[in-house]
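What follows is the residue order along each chain.
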Amino acid sequence: MEQFERKVTKIGNSFGITLPMELLKQVGLSQGDDVQVEVKDGKIVLRKKEQISLPEGVDTEFLDILNDVIKEHDKAFKGLVNR
C-alpha cells in the first residue's frame, strides 16, 4: 500500500488536504467529483461518492422527502430494530 504524507492547510474558514494526481488516478477521482467522508475507529475514510441511478418512476424529490422523514423519525426506526 502506497503512503503519502500531506499537510493540513487553511482554506478560508476551513482546512483542507491536497491529494497528488497519481493518487486520484488510482481511485478514479478527478476535479469536481463528489466524495464521502466519514470517521471510523478514529480514522478519516474518504471515498468517491457512488452515483446511483433511480428506478423508473422514482424522482429525486421523492427521495429527498423520504430522507427527511427517516431523519425526523430516526430514533423510532432504530427502536424497531430490536423488536
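Residues numbered from 1 in each chain as written. Predicted model: local features only at pLDDT ≥ 70, side-chain atom pairs only at ≥ 80, totals over all residues. Heavy atoms only, no water.

(A) The overall build of the protein chain, seen in detail. Tallying secondary structure elements over the protein chain gives 3 helices and 4 strands in all. In terms of overall dimensions, the protein chain is more spread out than a globule: its C-alpha atoms have a radius of gyration of 18 Å, far above the 12 Å expected for 83 residues. Principal-axis analysis of the C-alpha atoms places the extent of the protein chain at approximately 45 × 35 × 30 Å. Sequence separation of at least 24 residues holds for 5% of the intrachain contacts in the protein chain that already meet a minimum separation of 6. (Helix = DSSP H or I, 4+ residues; strand = E, 2+ residues; numbered from the N terminus. Rg over C-alpha atoms; globule rule 2.2 N^0.38 Å. Contact = heavy atoms within 4.5 Å.)

(B) Spotlight on the layout of surface pockets. What the largest pocket holds in volume is close to 940 Å³. Forming the boundary of the largest pocket are 19 residues, of which L19, L23, I44, V45 and L46 lie nearest the centre. Mapped onto the lining of the largest pocket, the elements with two or more residues apiece are α1 (21–27) and β4 (43–48). Broken down by element, the lining of the largest pocket gets its largest block of residues, 6 residues, from β4. Of the residues that constitute the lining of the largest pocket, the class distribution is 12 nonpolar, 2 polar and 5 charged. In this structure, the second largest pocket encloses a volume near 170 Å³. Lining the second largest pocket, in full, are D34, Q36, K49, E50, Q51 and I52. In terms of residue class, the lining of the second largest pocket is built from 1 nonpolar, 2 polar and 3 charged. (1 Å grid on protein atoms, 1.4 Å probe; cavity = no way out; pocket = protein on both sides within 12 Å on 5 of 7 lines; lining within 4 Å. Points joined across faces, edges and corners; volume = space filled by probe spheres on them. Nonpolar A, V, L, I, M, F, W, Y, C, P; charged D, E, K, R; others polar.)

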